[in-house]
Amino acid sequence: MNASSAPLHVEIHIPLQQFPLACTFEAQREVVVLFGASGAGKTSVLDSIAGFRTPIRGRITIGDRVVFCSENGINLPVRHRRVGYLSQQPALFPHLSVRQNVEYGLLDLPQAERDERVGAILERFRIAALASRRPAKISGGEQQRVALARTLVCEPELLLLDEPLSALDLGLKSLLLESLFDWQRERAVPMLYVTHDQSEAYSLSRRVLVLEKGHVVADGEPHRIFSAPFSRERAELSGYENIFDAAVEETHSALGTMTCRVMESNLMLEAPLANKTAGDAACLALRAGDILVATVCPTGISARNLLPGRIRVIEDRAGMVELRVQCGGTRGDAKGGVAQNKTQRTEFCVHVTRGALQNLALRAGQDVWLVIKTHSIQFLRS
C-alpha cells in the first residue's frame, strides 16, 4: 500500500452483515460530504477512521501519521488518533456542568491553558452563560452546541460529523454550521460530514462522495453528481420522484431518441438515445418539477411527450403543490375515442406552484395533459 500526501487517506475493507464494505478515498483540507441512504455504510466508515471499528484490512492515515495499517499491525486507539467525532446524540456527562463537559478532554493540560481554551470556545458558541448548568437544565439545541464545543476544544486534526444537526431547527442549524465552517477554515483540517439530505449536500460542500452498499460510486461536485443519478437508489436520494421500469420499443439514431414502454401501463415515452436496442430493459427517472400541466392538449410545442391523464389527488406541501396524475391504462384518447386495453395506469408525481393551481383551477378528478421534454428523462442502471 502506497503512502499518501493527502491530509486524510482511507482504504478500508469491512465485512458488514448486509454487504462487504470496501472503499478508498482521500480528502484534502476541505469539507467533504459523505452522502448515501440509511444503511449504505457511512457511519461504519466514520467509526473505522475514528477507531471505534477495526477493518479486516486496509490503511488509514491522518496527515503524516498512520493510525491503522493491517499490513504492519498498526491500530492506534481512539484517544491517540486526534479525531473529533460528533453524532446526532450529544452524549454529555449528566453529572458534569457545561464547563466541565467541555473541559473533559483537556485534563492532561495545565490549568491555565485549559481555562483559556474552554473560555474561548464557550464564547464562540455562545454558551458561556450556561457554563455552570448541568445538561438536564439546558435545551436540546444548547446541548448540541456544548457537544460541538467539547469536540473542537481538543483541536482535532480531523473532524467527523454524523448528521449532528439533523434534530435542530433551521435557524440554529445555520448558526452552528457558520461557526463550524469558520473553525474549519481557520485550522484547515479535513472534515467529513455525513448526510442523506440532498439539500444539505448542495449547501455544505463543493465535493460529495456517494456511498452505495459500502462502495464509493461517485465523487465530485454536487450539481454533477445529482444531475446524473445513474442508479435507482441514487435517483431516489437525488429527488427523482418518478422512477419507472420500462422496455425499449424503438431506437431513432438519426433523431437521437428512443421510444420506451412503461411496463405497468404500456404508456409510451420518448427518451434520449442510450446504448440500448429494441427489447432491452430500461429504468427511467423524472423529476416532479420537470413536468408541466395543461388543461387542454398543447399544440405547436417542442416537447415530445404529451400525455393525457387524470388528477387523482392534490396535496399542499409547504411552498409547492404535489399532484398525483394517472396516465395510460383505460383512459380514452384525445378525442374521447375507444379506451385502451385495460392495464394498470402509471401515476406521475407532479409539482406546481400554488399560483398555477389557482390559475388553472385544478381539482381532483380533472382531466389534464402532462408535458415532458425528452431530455428531462434520465436512464438509470437496471
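Computed from a predicted structure; not experimentally measured.

A. Representation of the layout of surface pockets in the model. Approximately 880 Å³ is the volume attributed to the largest pocket. Together, 26 residues line the largest pocket, and Arg79, Val83, Gly84, Gly105 and Cys154 are the ones closest to its centre. Per-element tally for the lining of the largest pocket: the top contributor is strand β7 (residues 83–86), with four residues. The residue inventory of the lining of the largest pocket, partitioned by class, reads 15 nonpolar, five polar and six charged. As a volume, the second largest pocket reaches approximately 220 Å³. Contributing to the lining of the second largest pocket are Arg29, Glu30, Val31, Phe181, Gln184, Arg185, Ala188, Leu204, Ser205, Arg206 and Arg207. In terms of residue count, the dominant contributor to the lining of the second largest pocket is helix α5 (residues 170–187) (three residues). Taken together, the residues of the lining of the second largest pocket break down into four nonpolar, two polar and five charged.

B. Seen up close, the packing of aromatic side chains. Applying the stated criterion to the full structure yields three aromatic pairs. Between Phe52 and Tyr85 the ring centres are 5.8 Å apart and the planes differ by 55°, which places this aromatic pair in the tilted class. One end of the pair, Phe52, is in the loop between α1 (42–50) and β4 (57–62); the other, Tyr85, is in strand β7, with 33 residues separating them in the sequence. When its relative accessible area of 54% is taken as the criterion, Phe52 is described as exposed. Between the aromatic rings of Phe244 and Phe348, the centroid separation amounts to 5.1 Å while the plane-to-plane angle is 70°, which identifies the pairing as edge-to-face. Of this pair, Phe244 sits in strand β12 (residues 242–252) while Phe348 sits in strand β19 (residues 346–352); the two residues are 104 residues apart in sequence, bridging distant segments of the chain. For the pair Phe244 and Phe348, one class covers both residues: buried.

C. A look at the pattern of salt bridges. For the coordinates displayed, the defined rule picks out 21 salt bridges. Among the ionic pairs, Arg65 bridges to Glu157, the shortest N-O distance being 3.1 Å. Here Arg65 is found in strand β5 (residues 65–69), whereas its partner Glu157 is found in the loop between α4 (140–152) and β8 (158–162), with 92 residues between them in sequence. Among the charged side chains, a salt-bridge network with shared partners connects Glu315, Arg317, Glu322 and Arg324.

D. α1, seen in detail. Counting buried residues along α1, eight of its nine residues qualify, which places the element largely inside the surrounding structure. Three or more residues of α1 are buried, namely Lys42, Ser44, Val45, Leu46, Asp47, Ser48, Ile49 and Ala50.

E. Main features of the side chain of Glu322. Inspection of the secondary structure puts Glu322 in strand β18 (residues 320–327). Each residue touching Glu322, except ones within four places of it in the same chain, is listed here: Val313, Ile314, Glu315, Arg317, Cys349, Val350 and His351.

F. The domain arrangement of the protein, seen in detail. In terms of domains, the protein is made up of domain 1 (8–235) and domain 2 (236–380). Spacing between the C-alpha centres of domain 1 and domain 2 amounts to 41 Å. Across the boundary between the two partners, domain 1 contributes 15 residues, which contact 12 residues of domain 2. When domain 1 packs against domain 2, the two sides together hide about 1,100 Å² of surface, and 48% of this comes from carbon and sulfur. Where Arg232 meets Asp245, a salt bridge forms, and the shortest distance between an N and an O atom there is 2.7 Å. The tally of links from domain 1 across to domain 2 stands at four residue pairs in polar contact (both at pLDDT 80 or more). Within the residue set of the side of domain 1 that touches domain 2, elements represented by two or more residues are α7 (222–227) and α8 (232–237). Within the side of domain 1 that touches domain 2, the residues separate by chemical class into seven nonpolar, five polar and three charged.

G. Representation of the sheet that holds β5 within the structure. Across the sheet, which stays open at both edges, the five strands sit in the order β2-β1-β4-β5-β6 with antiparallel pairing between neighbours. Pairing within the sheet leaves two strands with one partner each, and these edge strands are β2 (20–27) and β6 (74–75). On top of the sheet, α1 reaches β1 (8–15), β2 and β4; it is set at about 115° to β1, its chief contact.

H. A look at the sheet that holds strand β9 (residues 191–195). Read across the sheet, six strands follow the order β7-β8-β9-β3-β10-β11 without closing on themselves; strand pairing throughout is mixed. Each edge of the sheet is formed by a strand with only one pairing partner; in this case those strands are β7 and β11 (215–220). Recorded for the sheet is a direction-independent mean angle of 20° between the axes of neighbouring strands. Bridge count for strand β10 (residues 208–212) against β11 is five bridges, and the pairing is antiparallel. Residue pairing across strands places Val208 opposite Gly220, the latter belonging to β11.

Conventions used here
- Residues numbered from 1 in each chain as written.
- Predicted model: local features only at pLDDT ≥ 70, side-chain atom pairs only at ≥ 80, totals over all residues.
- Heavy atoms only, no water.
- 1 Å grid on protein atoms, 1.4 Å probe; cavity = no way out; pocket = protein on both sides within 12 Å on 5 of 7 lines; lining within 4 Å.
- Points joined across faces, edges and corners; volume = space filled by probe spheres on them.
- Helix = DSSP H or I, 4+ residues; strand = E, 2+ residues; numbered from the N terminus.
- Nonpolar A, V, L, I, M, F, W, Y, C, P; charged D, E, K, R; others polar.
- Phe/Tyr/Trp six-rings, centres within 6.5 Å; stacked < 30°, edge-to-face > 60°.
- Buried < 20%, exposed > 50% of the residue type's maximum accessible area, 1.4 Å probe, protein only.
- Salt bridge = Lys/Arg side-chain N within 4 Å of Asp/Glu carboxyl O.
- Contact = heavy atoms within 4.5 Å.
- Domains from an automatic or database assignment.
- Buried area = accessible area lost by both parts, 1.4 Å probe.
- Polar contact = N/O pair within 3.5 Å; in protein donor to acceptor, adjacent residues only side chain to side chain.
- Pairing = 2+ DSSP bridges.
- Axes fitted to C-alpha atoms, helices over the stretch in contact; angles between N-to-C directions.

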